[in-house]
Amino acid sequence: YQAVKALNNIGGIFHARGETLKAMEKFSQSVELCRRTSDLYTLGAVQGNLGVLYHERGLYNRAASSLEESLTISRKLGDRPGITTSLLNLASLRMEQGELRQPLSMLDESEQLAESMGDRFLAVYGMVLKGDLYMLYGDLVTSLKHYTKSREMAAEIGLKSQELIAESNMAWIKARQGHID
């Protein structure tokens, strides 16, 4: 277990430093070790990490495979934070791929889970993604509502980066609507 955790942590460090190939190598080693030791909980988390890296690199099929496996494992284990995170990451991936139907149900489910756990960080992330999705639908009014809610929640819990993302998106929408404040 310690070796798996160490590989996952080292992969996270490489990812934070922008060294994605090294991060993918460490996460892949961690996946292999998880499979050998039947550590499903860590396997789900590491597959999620790999999925995010693949998504960032534009490897969408690999990203989807890793994120779907993470979601399946998290559901099997009843890991609500894992389920929520996997749903959010899959919704983001699907949106980037131009799929606009499936992400809404993923975001609705993730919102319910985040609220039931009291996880405001995941709730904020989901609200931003919902704002993005409604923007893709062309529904700027609903998009603005989600960004406004995410900004308020982010401010309440001190997530300045998410607050600024929401404000930036809100300003863009208001400019599109002709409301320059």
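Check the entry above for the structure.
Notes on the structure follow. (Residues numbered from 1 in each chain as written. Predicted model: local features only at pLDDT ≥ 70, side-chain atom pairs only at ≥ 80, totals over all residues. Heavy atoms only, no water.)

### With respect to the layout of surface pockets
Stated precisely, the cut-off is as follows: Cavities and pockets were defined on a 1 Å grid built over protein atoms only: a cavity is a set of grid points that admits a 1.4 Å probe from which the probe cannot escape, a pocket is an open set flanked by protein on both sides within 12 Å along at least five of seven lines, and lining residues are those with an atom within 4 Å of any such point. Grid points are joined across faces, edges and corners, and a volume is the space filled by probe spheres set on the points. Note on conventions: DSSP H or I runs of at least 4 residues are helices, E runs of at least 2 residues are strands, and numbering of each starts at the N terminus. When residues are sorted by character, Ala, Val, Leu, Ile, Met, Phe, Trp, Tyr, Cys and Pro go into the nonpolar class, Asp, Glu, Lys and Arg into the charged class, and all the rest, Gly among them, into the polar class.
Estimated volume of the largest pocket: approximately 550 Å³. The wall of the largest pocket is formed by 27 residues, among which A45, G48, N49, T85 and N89 lie closest to the centre. Looking at the lining of the largest pocket, the elements with two or more residues in it are α1 (2-16), α3 (40-56), α4 (60-77) and α5 (80-96). The element that contributes the greatest number of residues to the lining of the largest pocket is α3, accounting for ten residues. The class makeup of the residues in the lining of the largest pocket is ten nonpolar, 14 polar and three charged.

### Description of the pattern of salt bridges
Between side chains of opposite charge, a pair can form as their charged atoms come close. Rule in force here: In the sections that follow, a salt bridge refers to a side-chain nitrogen of Lys or Arg positioned within 4 Å of a carboxyl oxygen of Asp or Glu. Remark: exposure states derive from per-residue accessible area (1.4 Å probe, protein chains only) relative to the maximum for the residue type, with buried under 20%, exposed over 50%, and partly exposed in between.
Under the definition given, this model contains nine salt bridges. Residues E69 and R35 are paired through a salt bridge, measuring 3.0 Å at the closest nitrogen-oxygen approach. A residue pair is termed long-range when its members are at least 10 positions apart, and E69 in helix α4 and R35 in helix α2 (residues 20-37) qualify at 34 residues. For E69, a relative accessible area of 23% gives the class partly exposed. Salt-bridge contacts for D108 lead to K130; the nearest nitrogen and oxygen are separated by 2.6 Å. Note that D108 is positioned in helix α6 (residues 102-117) and K130 in helix α7 (residues 120-137), a separation of 22 residues in sequence.

### Describing the nonpolar core
Convention followed: Put simply, buried Ala, Val, Leu, Ile, Met, Phe, Trp, Tyr and Cys residues joined by side-chain atoms within 4.5 Å make one nonpolar core. Pairs of residues are marked as contacts when any of their non-hydrogen atoms sit within 4.5 Å.
If you look at the biggest cluster of nonpolar residues, it comprises 39 residues, and the most contacted ones within it are F27, L50, L87 and L107. Those elements giving two or more residues to this core turn out to be α1, α2, α3, α4, α5, α6, α7 and α8 (140-157). Looking at which element gives the most residues to this core, the answer is α5, with seven residues. For L50, the residues in contact, after removing those within four places along its chain, are M24, F27, S28, V31 and S66. V128, L140, L144 and M170 belong to the second largest nonpolar core, which has six residues in total.

### With respect to unusual backbone geometry
Here the phi dihedral of S38 falls at roughly 55°; this positive angle occurs in a residue that is not glycine. Looking at the secondary structure, you find S38 in the loop between α2 and α3.

### A few points about empty space enclosed by the protein
Under the counting rule described, the total for this entry stands at one cavity of 30 Å³ or more. Considering only enclosed or pocket space, the largest cavity measures out at about 30 Å³ in volume. Around the largest cavity sit T84, L88, L107, S110, E111, A114, L122, A123, G126 and M127, which together line it. Secondary-structure elements contributing two or more residues to the lining of the largest cavity are α5, α6 and α7. Partitioned by chemical class, the residues of the lining of the largest cavity number six nonpolar, three polar and one charged.

### Quick look at the packing of α7 against α8
The packing of two helices is summarised by the inter-axis angle and the distance between the axes. Stated formally: Between the N-to-C directions of two axes lies an angle of 0 to 180 degrees, each axis being a line fitted to C-alpha atoms and, for a helix, fitted only over the stretch in contact. By the definition adopted for this analysis, an angle is roughly parallel if under 35 degrees, roughly antiparallel if over 145, roughly perpendicular if from 65 to 115, and oblique otherwise. The crossing is said to be left-handed when, going from far helix to near helix, the turn is anticlockwise and less than a right angle, and right-handed when the turn is clockwise.
Where α7 meets α8, the axes come as close as 8 Å, and the angle between the chain directions of the two elements is 160°. With respect to each other, α7 and α8 are oriented roughly antiparallel. Considering only the axes of α7 and α8, their crossing is left-handed. Residues R120, F121, A123, V124, M127, V128, K130, G131, D132, Y134 and M135 of α7 lie in contact with α8, whose contacting residues are L140, T142, S143, H146, Y147, K149, S150, M153, A154, E156 and I157. Across the contact of α7 with α8, the residue classes tally to twelve nonpolar, five polar and five charged.

### A look at helix α9 (residues 160-176)
For clarity, the threshold we go by: Any helix carries an expected span of 1.5 Å times its number of residues minus one. Directions are taken from the helix axis to each C-beta atom, and the arc is the one they span.
Relative to the 24 Å expected for 17 residues at 1.5 Å per residue, α9 spans 24 Å between its end C-alpha atoms, a close match to the ideal helical length. Buried within α9 we find Q162, E163, A166, N169, M170 and I173. In a view along the axis of α9, the buried residues occupy a sector of 135°, so they form one face of it. At its buried positions, α9 is contacted by α7 and α8.

Scope: geometric values only; no functional claims are made or implied.
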